[in-house]
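Letter by letter, the chains look like this.
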Amino acid sequence: MRGHDWINTSLPDELIVEIFSYLFSKSTRDACSLVCRRWFRLERRTRTTLRIGATHLFLTLLPTRFSNLRNLYIDERLSIPLHLGKRRPTDDEGDLDSLCLSDAGLSSLGQGFPKLHKLGLIWCSNVSSDGLASLARKCTSLKALDLQGCYVGDQGLIAVGQCCKQLEELNLRFCEGLTDTGLVELALGVGKTLKSLGVAACAKITDISMEAVGSHCRSLETLSLDSEFIHNKGLLSVAQGCPILKVLKLQCINVTDDALKAVGTNCRSLELLALYSFQRFTDKGLRAIGNGCKKLKNLTLIDCYFLSDKGLEAIATGCKELTHLEVNGCHNIGTMGLEYIGRSCQHLTELALLYCHRIGDVSLLEVGRGCKFLQVLHLVDCSSIGDDAMCSIASGCSNLKKLHIRRCYKIGNKGIIAVGKHCNSLTDLSIRFCDRVGDGALTAIAEGCSLHYLNVSGCHQIGDAGVIAIARGCPQLCYLDVSVLQNLGDMAMAELGEHCTLLKEIVLSHCRQITDVGLTHLVKSCTMLESCQMVYCSGITSAGVATVVSSCPNIKKVLVEKWKVSQRTKRRAGSVIAYLCVDL
C-alpha cells in the first residue's frame, strides 16, 4: 500500500537497533536519525562515540539520550552543537565562562557515564583537579584520557592513578599546572597498564617523572616528549625500563646521542622514531638506532642540523623494513644519503623530502630503481631535483598514488608527462608554484590517471587547455585548486561543470579571467559542491556569488570579499559566507 510505513510497523526496536549497529559511517548514521522521531531516538541508543563543544548546560541530558556512550570527546574549540533556547552572551557581558565545561559538569558527566572508556577534555580551561578527581572516582573503567590544554593540578592526576586502574592512554600536552609529583604518583598507580603517554610544554615535569615512568611502566609502547626540561637521565631510564617501546617522538633540545644509543640498545621493538629540532644529536645516535632497531618502519627527521649522509646510511643498512621516511630541513643530508635508502630499503612506500637543497636527481634515480612499492612522494623546496628524477620515479614506481610537489623549479612538463604515462594508479596530485609545468603535463595526466584531488596553484603556464583535459579525463575529481592561474577562464569552468559533477571543493582565488558566466556553467551540474573560494577574482560580482549560493544545495563555505555579498544573499545564506579580512 502506497504511503504505508511497513518498516516501523513490522520491526521491533531491538531489530532496528541491531541494523543501526552495522552503520559505521557517521554521515550515514546522521542521515538515518533524521528519517523519523523513532529512528532518531533509536540511533542515539546505539551511538558509542560522541564529539561535542565544551559546555555544561546540556551534560545532564546526555546520559538519557546516549545510553550506550563509551567514548566522549569534549573540545572547547568547537562551537556548541545544540541550540538550547538561550542567547549566547557576548564577550562584553562577561558570561562566556558560564557556558564552558566546569568541575560541576565534569562531576555530572561521571555520574551519568560510569562505564566510559575514552574521554577527551581538549582545552577545557575551567576544569580543575577537583572535577577530574570526582570523575576519576566514578569512571573507574576509563582506558584513555586526553587532558590537552587543561589546567589541572597534581591532585587530579593522583586521583586518576588511584582510581582508574585500567588506564592505557594518557595525553598531558600543555597541562601547565602539573609537576613531577602528579606524574610520579600516576606512574605508581597505573604503571602496569599504561601503554601510551604524551607530555609537552609542562615546565615542571622533569627527569624525575621519566625515571618513575621507566621504573613502573614496563608495558609502555608509545612515548611523545616535547620539553626543554628533560635530559639524558630521564630518557635513559625510559629506554632501560620500557623494552617494548614501539613509538618514540622527541623534541627535547637537551637530549644527546647518549640517550639515542640507549634506545638503540634496549628498545629492539621500536617501529616509529620522530626527532624534531635536535641540535645536539649527530650521526652517532642514528647509527645506534640503525644497529639496534631492526624493526624500524617509520623515521622522521626534522631540523636535525648535525645529521649527515652517514647517519642515513646506517639507517638504510640496518633498518631494511623501513616504509616511511621524512627528511625536513636537515641541511647536511644530501644525495648520497638518499642513495643508500634507494638501494637498501625496498619496502619504502612513503617518502617526504622538504627543504633538502643538497639532494639531487641521482638520489631519486636510486629510489626509482629500488623502491618499487613507493606510493606517496612529497617534494617541497628541493631546488636540485628536476625532470630526470621524476622520470625515474615514474618508470620505477608505477604504484604511485599520491604526488605532492611545491616550489621545485627544475621540475617541468617532461617529468609530469612521465608520471601520467606510467603511474596509472595516481589519484592525488599537487603541483604548486612549479613554473615549468604547463598544459601538456595536465593533458598527459588526464590521459593516464583518474584523479580525485588536483592542486595546480601558482603554475602560471597552465591555462584552459590543461584544465579542460583534466575535466574530460578525470570525471571522479572531488577537489580542485586552480588559484593564481592568470590564463584560466570561463571555458575551463564550463567543461568542469559538464564533466566533473562529483566536485565538492574548488579554489578559484586570484583567477582574474573567470567571470560570472563561467561560474554559472560550473555550478549548473556540480550540485554536490560544498566549498568555493573565489577571492580577488575581478570578473566575479555579487551576481556570481548569489548564483553559487542558490545553485548548490550542499554548499557549506563560500570565501569571498565582503563587498561582493548582497543583502539578499546575506539573508539567504549568511552562515556559509566567509569573508576575506581586508578592513585592517
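Note that the structure is predicted; figures quoted are calculated from it, not measured.

Asks: An account of the overall build of the protein is requested, with residue identities and associated values reported.
Replies: Across its full length, the protein carries 24 helices and 21 strands. What you see for the protein is a C-alpha radius of gyration of 28 Å, in line with the 25 Å of a compact globule of 584 residues. With the C-alpha coordinates of the protein rotated into their principal frame, the extents come out at 70 × 70 × 55 Å. Sequence-distant contacts in the protein: of pairs separated by 6 or more residues, those separated by 24 or more amount to 74%. When the accessible area of the protein is evaluated, it comes to approximately 25,600 Å², of which 51% is carbon and sulfur surface. Between the averaged position of the 65 positive side-chain charges in the protein and that of its 57 negative side-chain charges there is a distance of 5 Å.

Asks: How would you explain the packing of helix H19 (residues 439–448) against helix H20 (residues 464–473) if you had to name every residue and give the values?
Replies: Each pair of packed helices gets described by two things: the angle between the helix axes and the distance between those axes. Where H19 contacts H20, the axes come no closer than 8 Å and their chain directions differ by 5°. Here H20 runs roughly parallel to H19, going by the angle between their axes. Facing H19, whose interface residues are Asp 439, Leu 442, Thr 443, Ile 445 and Ala 446, H20 presents Ala 465, Gly 466, Val 467, Ala 469, Ile 470 and Gly 473. Each residue belonging to the contact of H19 with H20 can be placed in one class, and the counts come to seven nonpolar, three polar and one charged.

Asks: Can you explain the packing of helix H2 (residues 13–20) against helix H4 (residues 37–46)? Please cite residues and give values.
Replies: Viewed as axis vectors pointing N to C, H2 and H4 meet at an angle of 60°, and their least axial separation amounts to 9 Å. Overall, the two elements H2 and H4 adopt an arrangement that is oblique. Pair H2 / H4 crosses with right-handed handedness. Residue-level inspection shows Asp 13, Ile 16, Val 17 and Phe 20 of H2 in contact with H4, the latter providing Arg 38, Trp 39, Arg 41, Leu 42, Glu 43, Arg 45 and Thr 46.

Asks: Tell me about the UniProt feature "domain: F-box" (unreviewed entry) in the protein, residues and numbers included.
Replies: Annotation from UniProt places "domain: F-box" (unreviewed entry) at residues 11–52. Taken end to end, residues 11–52 comprises 62% helix and 10% strand; its first and last C-alpha atoms sit 31 Å apart.

Asks: Report on the environment of Tyr 276, specifying residues and quantitative values.
Replies: Among the structural elements, Tyr 276 can be located in strand E9 (residues 272–276). Tyr 276 sits in the partly exposed class, given a relative accessible area of 25%. With 26 residues separating them in the primary sequence, Tyr 276 and Ile 302 have C-alpha atoms 4.8 Å apart. Beyond its immediate sequence surroundings of up to four residues, Tyr 276 is in contact with Lys 249, Leu 250, Gln 251, Thr 300 and Ile 302.

Asks: Run through the pattern of salt bridges, naming residues and quoting values.
Replies: All told, the structure shown has 15 salt bridges when counted by the stated rule. A salt bridge links Glu 339 to Arg 343; its shortest N-O distance comes to 2.9 Å. Residue Glu 339 and its partner Arg 343 are located together in helix H15 (residues 335–344), separated by four residues, close to a single helical turn. When salt bridges with common partners are traced through the structure, they connect Arg 29, Asp 30, Glu 43 and Arg 47 into a single cluster.

Asks: I'd like to hear about the environment of Val 484, residue by residue, with values.
Replies: Tracing the backbone through its elements, the reader meets Val 484 in the loop between strand E17 (479–481) and helix H21 (490–499). Each C-alpha atom, one on Val 484 and one on Ser 509, is 6.4 Å from the other, the two residues being 25 residues apart in sequence. Every residue in contact with Val 484, bar those within four places of it in the chain, is listed here: Ser 457, Gly 458, His 460, Ser 509, His 510 and Cys 511.

Asks: Kindly report on the nonpolar core, identifying the contributing residues and their values.
Replies: By size, the foremost hydrophobic cluster in this structure holds 174 residues, and its most contacted members are Leu 353, Leu 508 and Met 534. Broken down by element, the residue count for this core peaks at five residues, all from H20. Look past the residues within four positions of Met 534 in its chain and what remains in contact with it is Leu 508, Ser 509, Leu 519, Ile 540, Val 545, Val 548, Val 558, Leu 559, Val 560 and Glu 561. Ile 16, Val 17, Cys 32 and Leu 42 belong to the second-largest nonpolar core, a separate cluster that totals six residues.

Conventions used here
Residues numbered from 1 in each chain as written. Predicted model: local features only at pLDDT ≥ 70, side-chain atom pairs only at ≥ 80, totals over all residues. Heavy atoms only, no water. Helix = DSSP H or I, 4+ residues; strand = E, 2+ residues; numbered from the N terminus. Rg over C-alpha atoms; globule rule 2.2 N^0.38 Å. Contact = heavy atoms within 4.5 Å. Areas by Shrake-Rupley, 256 points an atom, 1.4 Å probe, with all protein chains shown as cover. Lys, Arg positive; Asp, Glu negative; His and termini not counted. Charge placed at Lys NZ, Arg CZ, Asp CG, Glu CD. Axes fitted to C-alpha atoms, helices over the stretch in contact; angles between N-to-C directions. Parallel < 35°, antiparallel > 145°, perpendicular 65-115°, else oblique. Nonpolar A, V, L, I, M, F, W, Y, C, P; charged D, E, K, R; others polar. Left-handed = near helix turned anticlockwise from the far one by under 90°. UniProt positions renumbered as here; feature names shortened; annotations may be inferred. Buried < 20%, exposed > 50% of the residue type's maximum accessible area, 1.4 Å probe, protein only. Salt bridge = Lys/Arg side-chain N within 4 Å of Asp/Glu carboxyl O. Core = buried A, V, L, I, M, F, W, Y, C linked by side-chain atoms within 4.5 Å.

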